[in-house]
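Survey of secondary and tertiary structure
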Amino acid sequence: MVNNEEILKRMQLNNAKGEELIKFIQKELPLIQKAAAKANAEKLANEIKEKNQQLKEDLEFWKNRVIELEVMTGLKQYSLLSEANKVNIVAKESVQNAPANVSSESTPNAPVSKSDTKQDRPERNANQAKKEAVKKEKVSKPEKHPASEENKDVNVSRLDFRIGRILNAKKHPDAESLYVEEIDVGEEKPRTVVSGLVKFVPLEEMQNRLVVVLCNLKPAKMRGVTSEAMVMCASTPDKVEILTPPANSLPGDRVVCDEYPGEPDALLPPKKKIFEQVAPDLKTDGGCNATYKSALLKVADKGVVKSTTLTNVQIK
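Bear in mind the structure is a predicted one, so any value in this text is a computation, not a measurement. Residue positions within a chain follow its written sequence, with the count starting from 1. With pLDDT at 70 or above as the cut-off, local features in this predicted model cover only qualifying residues; side-chain atom pairs require 80 or more to be listed or tallied, and sums for whole chains, interfaces and linings still use all residues. The side-chain figures draw on all heavy atoms in the structure; neither hydrogens nor water molecules are used.

On to the overall build of the chain. For helices the rule is a DSSP run of H or I covering at least 4 residues; for strands it is a run of E covering at least 2, with both sets numbered from the N terminus onward. For the chain, the helix and strand inventory stands at five helices and 16 strands. When accessible area is computed with a 1.4 Å probe and restricted to protein chains, residues below 20% of their type maximum are described as buried, those above 50% as exposed, and intermediate ones as partly exposed. A buried classification covers 28% of the 316 residues belonging to the chain. Across the chain, the fraction of contacts at a sequence separation of at least 24, relative to all contacts at a separation of at least 6, is 68%. Using the Shrake-Rupley algorithm and a 1.4 Å probe, accessible areas are obtained, with residue cover drawn only from the displayed protein chains. As displayed, the chain offers around 22000 Å² of accessible surface, 55% of which is attributable to carbon and sulfur atoms. What makes two residues a contact is simply this: any of their non-hydrogen atoms within 4.5 Å.

Laid out in structure tokens, this is it:
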């Protein structure tokens, strides 16, 4: 039978252990709180970093969409100067602004022959007169535009839509939301095309596929890469689908609209804004068919151009 003294000793021992435990917790509590605060701070920092990355990607995407729209409307694109180019430009300006009587090929004290100067002067005057005559001739001659192109109606026939095959596609080296494709459009060599499709079409689906390409836009640089055409898509703010040509189409086949016959312009004049006037009437219908003013876009004798699932949406 346990006596009272043993019970008391056990209670005293337990109390001592309890006090030691309390002291240990009190000692370690600041460290625990600091570790918890650090973990929360790291978690918050990671969340902020992820949000910043997402915002950066969204900004990059919308920036490239703006560039695409500017290219379509004929606005010229300018690339930013690198530090090396700035140094070269400053050096060239320094050389151009140097005094005219200082020559890198002459010695400082070299005498100038009066006879040489008089003999050279008539020749220089003759050359200057020729240059001025050529310059005046260039100014006086206005640019000639074929009368037929000036008077053509503005409709889908002015656009050079062709079937193309993507030979290869890769990510743009300087833009996360852009692809750079090499597309066979039935010419001697493929065209380089830049498309803002990274968010909508996986890279593997860009390889070796038939597409509809607008070929007579003025080439323009997009983040340092010259784009020579545009891949046409059915488009909403949340979803984009590359238009699908008829299965038996070949690169170079022209996409036409029977209700609007005619030959396309060799190059759409940016100032006339032909594409901008035609684009609002390019849409898919209720059956996913590509249309212009409700008239079908098709490859002659081969079939109609379609979207995969998008109906009654804009084509651009």
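Nonpolar cores are built from buried Ala, Val, Leu, Ile, Met, Phe, Trp, Tyr and Cys residues. Side-chain atoms within 4.5 Å join them into one set. Membership of the largest hydrophobic core comes to 29 residues, with the highest contact counts inside it found for Val156, Leu159, Phe161, Met232, Phe275 and Leu282. Judged by nonpolar contacts, the second largest core, of 17 residues, contains Val193, Leu197, Ala229 and Ile242.

DSSP bridges decide pairing: two strands pair if at least two such bridges lie between them. Taken in spatial order, the three strands make up an open sheet running S10-S14-S15, and their pairing is antiparallel. Either end of the sheet is taken by a strand with one partner, and the two such strands are strand S10 (255-256) and strand S15 (303-304). Pairing geometry for strand S14 (residues 298-299) and S15, over two bridges, is antiparallel. The residue of S15 that forms the bridge with Lys298 is Val304.

So, about the confidence of the model for the chain. What pLDDT conveys is the predictor's confidence in a given residue, as a value from 0 to 100. For the chain, the mean per-residue pLDDT works out to 80, and 73% of the residues sit at or above 70. Ignoring residues within four places in sequence, the model shows residues 100-110, a span with pLDDT below 50, making zero contacts including any to other chains. Contacts from residues 112-116, a stretch scored under 50 in pLDDT, to residues over four places away or in other chains number one contact.

The subject of this paragraph is the side chain of Arg191. Mapped onto the fold, Arg191 is located in strand S3 (residues 191-195). Relative accessible area serves as the criterion here: at 14%, Arg191 is assigned to the buried category. We define a polar contact as two N or O atoms separated by no more than 3.5 Å, with the added condition that, inside protein, one atom must be a possible hydrogen donor and the other a possible acceptor, whereas residues neighbouring each other in sequence contribute only through side-chain atom pairs. Engagement of the side chain of Arg191 in a polar contact is seen with the backbone oxygen of Cys215, the distance being 2.7 Å. Looking at Arg191, its side chain comes within polar contact range of the main-chain oxygen of Glu228, at 3.0 Å. Excluding its chain neighbours within four sequence positions, the residues that come into contact with Arg191 are Arg162, Glu181, Glu182, Ile183, Val185, Cys215, Glu228 and Ala229.

One side-chain nitrogen of Lys or Arg within 4 Å of one carboxyl oxygen of Asp or Glu is enough to make a salt bridge. Under the defined criterion, the tally for this structure stands at seven salt bridges. A salt bridge links Glu187 to Arg162; the nearest nitrogen and oxygen atoms lie 3.0 Å apart. Note that Glu187 is positioned in the loop between strand S2 (179-184) and S3 and Arg162 in strand S1 (residues 161-171), a separation of 25 residues in sequence. Between Lys239 and Glu241 there is a salt bridge; the shortest N-O distance is 3.4 Å. Note on Glu241: relative accessible area 9%, which makes it buried. One network of salt bridges, with partners in common, ties together Asp160, Arg162, Glu187 and Arg191.

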